[in-house]
Structure formats: C-alpha cells, structure tokens
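# Structural description and commentary
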Amino acid sequence: MIMRRGVSTPETRRSAARPWRAATLAAALLAAFLLAGCTDRNAMPTLPEVAGDPSEWRLIYPALTNQNLNAAWGLDADDMWAVGDQGTILHYDGRSLQLIAAPTGADLTAISGLARDAIWAVSAAGEILVWDGLSWAVIHVIPNATLLAVCAVTPNQVLVGGSSLVETDSYTAIWRREGGAWRSMNLATEGPGRVRHIWNAGDGLPLMAATEGAILHLSGTTWRISHTQRMIFCSADRDRVLLTRYYLWDFYLSSISADGTLHPLCLFNPEENLAHLSLSRQTLLASDTAVLKLDECTRVPVHTGSFVIRDLVVPVLPGPAGPIAFAIGQDAGFTRLTWQPAGTIAAAELTPAPSARLLAQLAGDGHRLIALDWQGRLLAREDGRWQELPAPWPAHVVFDLDDGTLALIGDDLSLALGDGDHPWQVLPECPVLVQALWIDSARRPRVVAFNDNDLVWELWGLETADWTLLGALPLSGHTVTGFDGFSPDDLYVICADDETARLLHHDGASWNEVFPDPDIAVMRIRAGRRSGVLYLEGRDSAQQDFSGYLDQGELTILADRHLAWSDFVETGPGRAFCRESANLYQLESQAWTILPGPDNLPLRRLWAHPDQGLFVITGRDEIFRRDLPRGTP
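Each value, and the rule that gives it
- Residues numbered from 1 in each chain as written.
- Predicted model: local features only at pLDDT ≥ 70, side-chain atom pairs only at ≥ 80, totals over all residues.
- Heavy atoms only, no water.
- Helix = DSSP H or I, 4+ residues; strand = E, 2+ residues; numbered from the N terminus.
- Buried < 20%, exposed > 50% of the residue type's maximum accessible area, 1.4 Å probe, protein only.
- Contact = heavy atoms within 4.5 Å.
- Areas by Shrake-Rupley, 256 points an atom, 1.4 Å probe, with all protein chains shown as cover.
- Disulfide = S-S within 2.5 Å.
- Phe/Tyr/Trp six-rings, centres within 6.5 Å; stacked < 30°, edge-to-face > 60°.
- Pairing = 2+ DSSP bridges.
- Axes fitted to C-alpha atoms, helices over the stretch in contact; angles between N-to-C directions.
- Core = buried A, V, L, I, M, F, W, Y, C linked by side-chain atoms within 4.5 Å.
- Salt bridge = Lys/Arg side-chain N within 4 Å of Asp/Glu carboxyl O.
- Polar contact = N/O pair within 3.5 Å; in protein donor to acceptor, adjacent residues only side chain to side chain.
- pLDDT = per-residue confidence, 0-100.

### Notes on the overall build of the chain
Scanning the chain for helices and strands turns up 0 helices and 59 strands. A burial count over the chain gives 56% of its 633 residues as buried. Pairs at least 24 apart in sequence give 43% of the contacts found in the chain among residues at least 6 apart. Total accessible area on the chain is roughly 26200 Å²; 48% of this is exposed by carbon and sulfur atoms.

Here it is in structure tokens:
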C-alpha cells in the first residue's frame, strides 16, 4: 500500500512513505499529509536571484562527501589519505580535505603506501589502484575476487588479499606482485573466510595477515598459521594485534615474536566494542565513536566523536609533536587527534558537518531546505550552509506548515510541531494508527487513521488536549492508499480493496464517489494548487493505464505517456515535474517529456519550490538543485 500526504499550502507539496507498525499493518507504508487551506503564493518569501544557468544542476549537499570511509594511510600529518564506499577518495594536506577523482565507483576497502607518489588501494570489485603523485589509476583487476587488504612493502613487493570465488564457493586468497604480474600465494588455511588485513610487523618480524578465523605469518613463500580460533579480527599495528574472540566476545592485545607467534598482553572484558588499534606515543583503541588510550591494560577515554570509527591510523612520519592519529569512518567522518603538552588529546573533526546518508525525503519553505537522514536527524540548509536541527526524538517523517513550521512523526506515532529554532510542541499520541495528518484552517491537527480493533478507517481531530473521533470513512473493507486535497473542505481519498481502487471526495459534510464506474481504478492523486486541478494516475474501464487531471468534474487524459510517478510537483498552471523510478519528467502542453537529471545519476527523490527551484536526491545521497525559469506562469 502506498500512502501519500497532502500539502499545507500551494507551495510546499511533497510526499513521503515509510514502513510503520509492521505487526499491525504489514503491507502499509506510512504516509503523512499536510493540508492548511489555500494561501496566496505571492505572499511567500522569495530568495534572492541565484546566479548561474538555471538549466544546470548544482550540487548543494554534501559539501564534500557523505560516503562511509573504510581505511586510511598517510606518510605524515600533512599527507593523509582515506578511501571509502562508491569510489570515495579523500586527501588531507594539513589544511583541508579534498575529494580526489577516482577511476572506479566500487567500494574501496584498503590503502597502503611507501611515498607521496607510491600509494596502493584495493576495491571490493577486485581492482588494484595506484597513485603516482598526479592521479589514481586502476592497474589490475583480479577476476572473481573481493579485495579487503593491501600492504606495500617495497615498490616491487605489494600484497593484496581478500577472497576468491570459484564457481559458487568463496576461498581465502592472497596475491603478490611479482615482476609486474599478480600471482596467487600458497596459504596454510583453506575454505571460507576472507583476508581482512595484511601488514608489515617491522624489522626482524615476518609479514602478517589476518583472516576471519586465523592469524598467518609469511615463511618464505608460504603463509603459515600463527593463531587459529573463530574470531572477529579487529586491528593490527606493527608488532601488536587486537583480536576479538567470537564465542566469548572478549578482546585481547598480543605482541608478535620473530617466528610469528602471538603473546597475549592484555585481556579486556566486553565493556566496549573495541575495533581498531593504533600505536604512537601511547597505544590507542577505537570503540564505536570513542577513542581510548591504553595505560597498563586500563582503557582511558580521550575523545568521543560524532561517527562510528572504521579505522584509526598513525602517519608513517607523525613528527615530534604533531598529530598522533587520524580516525575515519561512517558518513565521511575524518578526525585529527593531536597530543597536547599536558599529555591529553585534542580532536578536530575535518569533515564539513553534517555529513549523513539521507532518507529519501525533503521539505522546506522559501528560506530553508530540510533533509532527513537515516538516523532520524534533521539537516537544514539556510544561506547556503548546512547544520543539524535539534529535535525531540529521531524522526521518520518531516514536513512543513504554511508558515514554515515543521511537523515531525517519530516512533510509536510521536507527533511534534516546531520550527527547529525553538522548543518543539509535542502532541498527544493518537489512540489509533495514523495514516494521514493535516492541519485545518483553525490550525487543529486532523488525521486519517486505521482502527485495528474495529478494522475501520476513521477521521480524528485534536480539539483541545485529546483526540476526538470525527467519523468513519465509507467503503467498509477498503484501505486508504492515497490522500490529498485543496482545503479542509475539499479532500480526496483513494480507498482500495483486493480488486478495485475507488476515489472519494469530501466536501466538509459528506463523502461522495468521484467515479461511480467500479471499473475505473485510481492509483495515485496529487492536488495541483496553482491550477486547481487534481492530477491522477489509474486504469480505465478498458483496462488501459492513463495519466490525467480532473477539473470541475471533467477528466482530461494527458497525451503521449503514462507515468507511474513516485513524486509529483506542480510549479505552475499546466506545468509539473515527476519522478518515475530513477528518471525525471516534465509536463508541458499536456504531454510528458524526459528531463535529464544531474550527471545521469539515478534519482531517489524529487521536490520543488517555486522560489528555490527543483531539488533531487540521487542514489549517492547527494542533493542537486536546478533553478526554475523566472517568470514561469
């Protein structure tokens, strides 16, 4: 079931859907609808004229990237690299982070180097990349391989590891560069499991590797077992290894001897989820978002950041008093950790905040654009800058009222109103399952809700401090699958059962069916505030799909194309945009034409505002903006 919400005003229409209370209504997607009477668009605040070609898409989020970073390496404190998902490569030069062009879009999983112009990285697609001081290039691809580790020992000795797929089975594998060719090495262990790490333990110590079930050391040309136990390998740095035993879920730090044997030094109980190790002036550990230093096996917290740490590294040449470590991780998190004279650690987050993976949802008004991330945070763009807005709890749905006030829906039907700058007004929880919410002309919340006790759909209102039942919807046994309208006394609802989808209209006093013909099934509706018509998608009595609009009771079929749109926004009489799957379309002269999106990227969300223009969220969690032509009717 697809649910849609109405809009508070002619200028702020968009939709959202999210699974809700699966135990009660497993097939339902949550919808929130906002409706607050027709208002004059000319009264809307208008942004200053935006410079640039209105036909060009411009990236407005994020400022850098919001992809997860997986691994880091650096020669010194002013030459640090990090690689991550979807071909993300970041470089820190001591002053700022830069996004570096990558020759692949695959997830980059590990990085290792020898000099400023000799750095290697690998991808989950079996690619081996090299930085020559000017650009990154893919120099080799290992077929049917997933690469998770790389270790550069000398220019002629570079090792990569991961797993190799043979028919339907995955095997532990390490490859070594020999004379420009990459050859598989002998392993003392076979079977499932991946090589997660390869590292140079230091002078007089062998090369080491770790799989998901064993620690290996290189003896001649064969990898031999140093330690075996079912475990989740965590991290290693030179002659130290941090391990997690799977079945006990505890952690222990070990040293490495010349023959590759491990010698336990510290055993930790599972107070923290220890994940990464870094050796510098003191031994550092990472635990989720925190960095801890180790003082004779006692863990002392020294920093708590805003992201989950995926790697914690020290530059090869950290300097006498410079940064001791860099932490990188979730949502492009990149933090510089520096020793202070008193022995404490100062942390500076280098990624422009906030950086997050977006939920496919946008809201806003003439001054502010709101995005919702996967953690339920509200991100706001104002005056060209992004910041996180405070909220009473993580949100699942966000939309705006006609005066810029935001409405939030959270877990367990939590409802709140506010503007993000002042304390939120938390509303009482509705006693039934909310499927649509709007605000009437007297600014009273109204909802369409499902009563799972009586199995009926109802109208409820928040009159004072409590919700009051206003009446039941007609068509018993049907489910509300769409909702929109022009005012509190001009509402449309789609009610569907297993065979039909019926369109009903509410005039403030009673419900009436729009199409008495039961063979006409209306699947989607959207109220066009500027034109005063109801756009709809459906199937006619001849079982033909159609797109059209309803104007004063008369149905007009649009020419050329039927689109099963996911998003629909009207920006002027007879002018609209919609998203169908990953593509963008424009409606003009009663016909749909395809509109190229930004860089031909797949789209996950479309939203529009007459003053701000068109906005899309791409499959890479980026927001692009395109201005609407001035003077659009």
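### Details of the state of the cysteines
Using the criterion set out here, one finds 1 disulfide in the structure. Through a disulfide, C266 is tied to C297; the S-S separation comes to 1.7 Å. As the torsion about the S-S bond is roughly -75 degrees, the C266-C297 disulfide counts as left-handed. Taken together, the positions of C266 in strand β24 (residues 262-268) and C297 in the loop between β27 (290-295) and β28 (298-304) put the pair 31 residues apart, joining distant regions of the chain.

### Observations regarding the packing of aromatic side chains
Given two aromatic rings, their pairing is described by the distance between the two centres and the angle made by the two planes. Summed over the entire model, instances satisfying the criterion amount to 14 aromatic pairs. Note on W565 and F568: the rings are 4.9 Å apart at their centroids and 50 degrees apart in plane angle, and the pair reads as tilted. Here W565 and F568 have matching classes, each one buried. Centroid distance W607 to F615: 5.6 Å. Interplanar angle 45 degrees. Geometry classified as tilted. Members of the aromatic cluster, joined through ring pairs, are Y535, Y549, W565, F568 and W592.

### Regarding the sheet that holds strand β57 (residues 603-609)
Taken in spatial order, the 4 strands of this open sheet run β3-β59-β58-β57, and their pairing is antiparallel. Of all the strands in the sheet, the pair left with one neighbour each is β3 (58-61) and β57. Sheet twist, expressed as the average angle between the axes of neighbouring strands with direction ignored, equals 30 degrees.

### Here's the deal with the nonpolar core
Residues F399, L415, C430, L437, V447, W460 and W467 are the most contacted members of the largest nonpolar core, which totals 17 residues. With 3 residues, the single largest contributor to this core is strand β41 (residues 433-439).

### Comments concerning the pattern of salt bridges
In total, this model carries 29 salt bridges according to the counting rule given. We note a salt bridge from E178 to R176, for which the minimum N-O separation is 3.4 Å. Judged by relative accessible area, which is 12%, R176 ranks as buried. Residue E382 pairs with R368 through a salt bridge whose shortest N-O separation is 3.2 Å. Highlighted residues: E382 in strand β35 (residues 378-382) and R368 in the loop between β33 (358-364) and β34 (369-373), separated in sequence by 14 residues. For R368, a relative accessible area of 10% translates into the label buried. Sharing partners across several salt bridges, the network here consists of D85, D331, R357, R604 and D621.

### Comments concerning the pairing of strand β42 (residues 445-451)
Judged by how many residues are buried, β42 sits mostly within the fold: 7 of 7 residues are covered. A two-sided burial pattern is seen for β42, the buried positions comprising P445, V447, A449 and N451 on one face and R446, V448 and F450 on the other. Bridge count between β41 and β42: 6 bridges; the pairing is antiparallel. The residue of β42 that forms the bridge with L437 is V447. Here 6 bridges tie β42 to strand β43 (residues 456-462), and the two strands are oriented antiparallel to one another. Residue pairing across strands places V447 opposite W460, the latter belonging to β43.

### Overview of the sheet that holds strand β25 (residues 274-279)
In space, the 4 strands of this open sheet follow the order β25-β26-β27-β28, with antiparallel pairing throughout. The outermost strands of the open sheet, each flanked by one partner alone, are β25 and β28. The average undirected angle you get between the axes of adjacent strands in this sheet is 30 degrees. Relative to β27, strand β26 (residues 283-287) runs antiparallel, the two sharing 5 bridges. Paired with S287 across the two strands is A290, which belongs to β27.

### Let's talk about the side chain of D331
Of note, D331 is situated in the loop between β30 (323-329) and β31 (334-339). Using a relative accessible area of 11% as the deciding quantity, one classes D331 as buried.

### Digging into unusual backbone geometry
The peptide bond linking Y61 to P62 adopts the cis configuration, its omega dihedral lying at -5 degrees. Within the fold, P62 resides in the loop between β3 and β4 (69-76). Non-glycine residue N144 carries a positive phi angle of around 55 degrees. Mapping N144 onto the fold places it in the loop between β11 (136-141) and β12 (145-154). Looking at N144, the relative accessible area reads 54%, which means it is exposed. Not every positive phi belongs to a glycine, and Q552 is a case in point at roughly 55 degrees. With respect to the helices and strands, Q552 occurs in the loop between β51 (545-551) and β52 (554-557).

### Description of the side chain of T109
When you line up the elements, T109 lands in strand β8 (residues 108-115). In this structure the side chain of T109 is engaged in a polar contact, spanning 2.6 Å, whose partner is the backbone oxygen of L147.

### As for the confidence of the model for the chain
For the chain, mean pLDDT is 81; residues scoring 70 or higher make up 86% of the total. Taken together, the stretch residues 1-51 has pLDDT below 50 and engages in 191 contacts with residues farther than four places along the chain or on a different chain.

### Here we look at the environment of D411
Structurally, D411 can be placed in the loop between β38 (406-410) and β39 (415-418). Classification of D411 as partly exposed rests on a relative accessible area of 43%. Taking the C-alpha atoms as reference, D411 lies 9.9 Å from V397; in sequence the two are 14 residues apart.

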